[in-house]
Each structure stands twice: as C-alpha cells, then as structure tokens.
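Residue-level listing of the chains:
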Amino acid sequence: MDSTTEIVNQCAEYTNFIAKAFCEGGTAMYFIAAVAFLVVALILERTFTLQKLSVDKNAVSGSIFGMVLQGQIQQAVAFCDATPTPLTNTMKAGLVQVMNRRPDEEVQVAMDASVLRETPRLEGWTSFLAVFGNVSVLVGLLGTIIGLIKAFGGVAEADAATKAAHLSKGISEALNCTAFGLLVAIIAITAYGFFQIRIGRANNDMLESTMNLMNHVVSNRDKALKKS
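Now for a description of the structure that goes with this document.

Reading the values: the criteria
Residues numbered from 1 in each chain as written. Predicted model: local features only at pLDDT ≥ 70, side-chain atom pairs only at ≥ 80, totals over all residues. Heavy atoms only, no water. Helix = DSSP H or I, 4+ residues; strand = E, 2+ residues; numbered from the N terminus. Buried < 20%, exposed > 50% of the residue type's maximum accessible area, 1.4 Å probe, protein only. Contact = heavy atoms within 4.5 Å. Areas by Shrake-Rupley, 256 points an atom, 1.4 Å probe, with all protein chains shown as cover. Phe/Tyr/Trp six-rings, centres within 6.5 Å; stacked < 30°, edge-to-face > 60°. Patch = residues over 30% accessible without salt bridge, like charges linked within 9 Å, V, L, I, M, F, W, Y side chains within 5 Å. Salt bridge = Lys/Arg side-chain N within 4 Å of Asp/Glu carboxyl O. Core = buried A, V, L, I, M, F, W, Y, C linked by side-chain atoms within 4.5 Å. Axes fitted to C-alpha atoms, helices over the stretch in contact; angles between N-to-C directions. Parallel < 35°, antiparallel > 145°, perpendicular 65-115°, else oblique. Left-handed = near helix turned anticlockwise from the far one by under 90°. Nonpolar A, V, L, I, M, F, W, Y, C, P; charged D, E, K, R; others polar.

## Brief notes about the overall build of the protein
- Of regular secondary structure, the protein possesses 10 helices and zero strands.
- Helices and strands appear in the protein in the N-to-C order α-α-α-α-α-α-α-α-α-α.
- Out of the 228 residues belonging to the protein, those deemed buried represent 40%.
- Intrachain contacts of the protein at a sequence separation of at least 6 include 79% that bridge at least 24 residues.
- Of the accessible surface of the protein, which amounts to about 12,500 Å², a share of 65% is contributed by carbon and sulfur atoms.

## Examining the packing of aromatic side chains
- Considering all chains together, one arrives at three aromatic pairs under this definition.
- Summarising the aromatic geometry, the rings of Trp 125 and Phe 128 are spaced 5.0 Å apart at their centres and angled 50° between planes, so their arrangement reads as tilted.
- A relative accessible area of 54% means that Trp 125 is categorised as exposed.
- An angle of 50° between the planes, with centres 6.0 Å apart, marks the rings of Phe 128 and Phe 132 as tilted. Pair noted here: Phe 128 and Phe 132 are both in helix α8 (residues 127–157), with a separation of four residues, about one helical turn.
- On the basis of relative accessible area, Phe 128 is assigned to the partly exposed category, the value being 33%.
- Since its relative accessible area comes to 17%, Phe 132 is described here as buried.
- Here the aromatic residues Trp 125, Phe 128 and Phe 132 are joined through ring pairs into a cluster of three or more.

## Re a nonpolar patch on the surface
- A cluster of nonpolar residues, Leu 148, Phe 152, Leu 167, Ile 171 and Leu 175, forms a patch on the protein surface that exposes about 440 Å² of accessible area.
- At the level of secondary structure, the elements contributing two or more residues to the nonpolar patch comprise α8 and α9 (163–219).
- Take Ile 171: it is sitting in helix α9.

## Focus: the nonpolar core
- By size, the foremost hydrophobic cluster in this structure holds 41 residues, and its most contacted members are Val 39, Ile 64, Met 91, Leu 95, Leu 129 and Leu 213.
- When residues of this core are traced back to their parent elements, those giving at least two are α3 (28–53), α4 (57–69), α5 (73–82), α6 (86–99), α7 (104–123), α8 and α9.
- The dominant element in this core, judged by the number of residues it contributes, is α9, at 11 residues.
- Beyond its immediate sequence surroundings of up to four residues, Leu 129 is in contact with Val 39, Leu 42, Ile 43, Ala 188, Ala 191, Tyr 192 and Phe 195.

## Focus: the packing of α5 against α6
- Their axes nearest at 9 Å, the elements α5 and α6 cross at an angle of 155°. Relative to α6, the element α5 is oriented roughly antiparallel. Crossing handedness for the pair α5 and α6: left-handed. Residue-level contacts link Ile 73, Gln 74, Ala 76, Val 77, Cys 80 and Asp 81 of α5 to Thr 88, Lys 92, Leu 95, Val 96, Val 98 and Met 99 of α6.
- Of the residues in the contact of α5 with α6, the class split is eight nonpolar, two polar and two charged.

Note that all results are geometric; they support no functional claim without further evidence.
Right, here's the structure in full:
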C-alpha cells in the first residue's frame, strides 16, 4: 500500500464531514486554518472593542447640552470623563476649550482634531480582515494548483491499479482547498463590510455631535459661561 492509499484510508476514517475534508485538503489546509484563526480572533476583538466604545448618542448629547445650558461646563467635562468613548472624548475636547473661554474657531478645531485621534481607535485592525480574505483565496488557489499537480503527476507515474486513487486524492485536495479558502474569505470580507458600516456610523455620530455642540455653544455661550 503506497502513501496515497494510506492517506485516503486515513481520511476515510473521519465521520465528520469537515474533519474529513480538512484531512483530504493536504498541507495548504493548515495555512488556511491559520488564516481562519486570525479572522475569528480579529472579529471577536473588534466586536468587543466596538461594543465597549459605543454609546447612546442621543442620551449623551441630551445630558451634555442640558449641562451647557445650565452653565455646568465642568460637570459636563466630568460626565465625559466618566464614559471615555470616542464620542464623549470628542465632545470633551470642545467643552474644555469653552471652559477656557477660547473663541469658537478653537473650539471647533479642538473637536476636529479629536475626531482624527479617535477614528484609529474605532478602526483598529479592521482593514486586515480584507487582507486575510484575499490571502485565504490565494492560499486556497495555491492548494488547488498543488492538488491538480499531484493528481495528474501521480496518474502519469502510477500503475493502472493505483491511478484512480492518485487522481481522486489530488482532485479532492484541490477542491477542498478551494472550498475552505473561499469560505474563510467570505466570512472575512462580510465581517469587514459589517465593521466598516459600524465604524462609519460612529464617525458620523462624532461629526454630527460636534456640529450640534458647536451650534449649541455659539447660541448659548453666555449661559454656558455664567458659572465658569
């Protein structure tokens, strides 16, 4: 019994479809599995991080605007410090300038600069999901080519009794690598699109809230500074 027949028999022992397909996929499957592990780890990290950095925009804005109207700028800053998220940090940057009696232009510049600082926190390593998706496809394609080379190379060199085994083993390796590579890529790219939408919404919330705060301060600067 040659090595190809032994591998086929070994993989046939698996009753689970995924385990059997992984076994038949050959060496390239281990690289695809490594990419899949990175994709899952990054998805979990981004999910928990974005959940921690998210806050109810309307509730936060309502609380801060109310404090500004009452001239409680220091309390508004303390409120932002109590919930340090990109949104509250951005609004805090403007409030500090208001508290220091800086002109409107400096208030706006401070909040714009804060948006630029906070955006990378939201993005994190999200862009690598797209990279891992492309890598997964390429590794799967490489495994496909290797499997086809084995299939036709084995048929050319094998005797009549083992030609079918060599051919089926190589084609199975090729197709399994293609399938698993595409599966990991679909998960990675779908997650990338989902996180991009969430990050875009968070950025829009920051920009909208800073504009509203700026308008609120301009309209009520006398009230905002009466106790400062």
